[in-house]
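Residue-level structure breakdown
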Amino acid sequence: MRPRTHANIDGDLIVSFGDVIFKRYILDVLMEPVADFVIAVDTNWSASVNRDRAADYVRCSEPHSRHAFYHDVTLEAAGEDLADDQIHGEWIGVLRASAEGLPVLRTLVGELVEKPDNRGAKLHHLLDELVRRGHAVRVVYTTGHWLDVDSLDDVLAAGSFA
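These lines cover the structure that appears in this document, whether it is placed above or below.

**Observations concerning the pairing of strand 7 (residues 137-142)**
The two faces of a sheet get side chains in turn, since along a regular strand they alternate between them. Summarising burial for strand 7: six of the six residues are buried, a large majority. Taking every second residue as pointing to the same face, both faces of strand 7 are buried, with Val137, Val139 and Tyr141 on one and Arg138, Val140 and Thr142 on the other. Pairing geometry for strand 3 (residues 37-42) and strand 7, over six bridges, is parallel. Looking at strand 7, one finds that Val38 is bridged to Arg138.

In C-alpha cells:
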C-alpha cells in the first residue's frame, strides 16, 4: 500500500463548505489576522435561515461589539447544540489555515479520521478539537453577506445575491 501524500501548499489554505456563497471581502478579512487558524462568524445568527436547521453556532472569547474590534477574539466552542445564551454567532463555514498551521491541521485530521467514532463528524468538531488542544482559532465577525444554499428557496435567493 502506498503512503498517502499531501499536495505541496506553500501558502495559506482556505477551507469552505461547498454550499455557501459569500462576499469577497470575507476572504480579505480572513487573511488579515496573523494567526494559524481564522474563521468568519455571522453575528446575526438569530435571524439566520439556518435557525431551525442544524447550524454551526459558536461561543467566542467575547461577543461582537465595537470594543471587540480592538481585541483578538477567539473561538471557545462550536456546535449545533449550544444554548441560545451561549451563542455569539454562526460560523459561516469558511476557515483559513496559515502555512504554519497546516501541519497541525493535517495531523489532527489524520488522527480524527483514524477513529471510527468520528465517521459522522462535522467540521465544527474539528474546530472544537483544535481549541481543546490549545490552538487559538481567531474569529472575524461579519453581519450577513453570505448565504447557505440548502433548499430550493436558498437557490432562488442565491440568484439575486449580489
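Read on for the rest.
**Examining the layout of surface pockets**
Here the largest pocket is characterised by a volume of approximately 360 Å³. Lining the largest pocket we find 15 residues, and of these Ala68, Phe69, Val139, Val140 and Tyr141 sit closest to its centre. The set of elements that each furnish at least two residues to the lining of the largest pocket consists of helix 1 (24-31) and strand 7. Looking at which element gives the most residues to the lining of the largest pocket, the answer is strand 7, with four residues. Lining the second largest pocket, in full, are Val109, Leu112, Val113, Asn118, Ala121, Lys122, Leu123, His125, Leu126, Asp128, Glu129 and Arg132. At the level of secondary structure, the elements contributing two or more residues to the lining of the second largest pocket comprise helix 2 (102-113) and helix 3 (123-132). No other element matches helix 3, which puts six residues into the lining of the second largest pocket. A class-by-class count of the residues in the lining of the second largest pocket yields six nonpolar, two polar and four charged.

**Regarding the packing of aromatic side chains**
Summed over the entire model, instances satisfying the criterion amount to one aromatic pair. Their ring planes at 65° and their centres at 5.1 Å tell us that Phe17 and Trp91 sit as a pair that is edge-to-face. Pair noted here: Phe17 is in the loop between strand 1 (13-16) and strand 2 (20-22) and Trp91 is in strand 6 (residues 89-97), with a separation of 74 residues, a long-range link.

**Regarding the packing of helix 2 against helix 3**
Between helix 2 and helix 3, whose axes approach to 11 Å, the crossing angle comes to 115°. By the angle between their directions, the pair helix 2 and helix 3 is classed as roughly perpendicular. In this structure, helix 2 crosses over helix 3, and the sense of that crossing is right-handed. For the pair helix 2 and helix 3, contact is made by Val104, Leu105, Leu108, Val109 and Leu112 and by Leu126, Glu129 and Leu130, respectively. Taken together, the residues of the contact of helix 2 with helix 3 break down into seven nonpolar, no polar and one charged.

**A short note on the pattern of salt bridges**
On inspection of all chains with the given rule, the structure shows eight salt bridges. When the shortest N-O distance is used, the salt bridge between Arg138 and Asp72 registers 3.4 Å. Of this pair, Arg138 sits in strand 7 while Asp72 is found in the loop between strand 4 (57-60) and strand 5 (75-79), placing the two residues 66 residues apart along the sequence. Residue Arg138 is classed as buried on the basis of its relative accessible area of 16%. On the basis of relative accessible area, Asp72 is assigned to the exposed category, the value being 54%. Between Glu80 and Lys122 there is a salt bridge, with the nearest N and O atoms lying 2.6 Å from each other. One end of the pair, Glu80, is in the loop between strand 5 and strand 6; the other, Lys122, is in the loop between helix 2 and helix 3, with 42 residues separating them in the sequence. Using a relative accessible area of 33% as the deciding quantity, one classes Glu80 as partly exposed. Within the structure, one salt-bridge network assembled from shared partners comprises Glu111, Glu129, Arg132 and Arg133.

How each quantity is defined
- Residues numbered from 1 in each chain as written.
- Predicted model: local features only at pLDDT ≥ 70, side-chain atom pairs only at ≥ 80, totals over all residues.
- Heavy atoms only, no water.
- Buried < 20%, exposed > 50% of the residue type's maximum accessible area, 1.4 Å probe, protein only.
- Helix = DSSP H or I, 4+ residues; strand = E, 2+ residues; numbered from the N terminus.
- Pairing = 2+ DSSP bridges.
- 1 Å grid on protein atoms, 1.4 Å probe; cavity = no way out; pocket = protein on both sides within 12 Å on 5 of 7 lines; lining within 4 Å.
- Points joined across faces, edges and corners; volume = space filled by probe spheres on them.
- Nonpolar A, V, L, I, M, F, W, Y, C, P; charged D, E, K, R; others polar.
- Phe/Tyr/Trp six-rings, centres within 6.5 Å; stacked < 30°, edge-to-face > 60°.
- Axes fitted to C-alpha atoms, helices over the stretch in contact; angles between N-to-C directions.
- Parallel < 35°, antiparallel > 145°, perpendicular 65-115°, else oblique.
- Left-handed = near helix turned anticlockwise from the far one by under 90°.
- Contact = heavy atoms within 4.5 Å.
- Salt bridge = Lys/Arg side-chain N within 4 Å of Asp/Glu carboxyl O.

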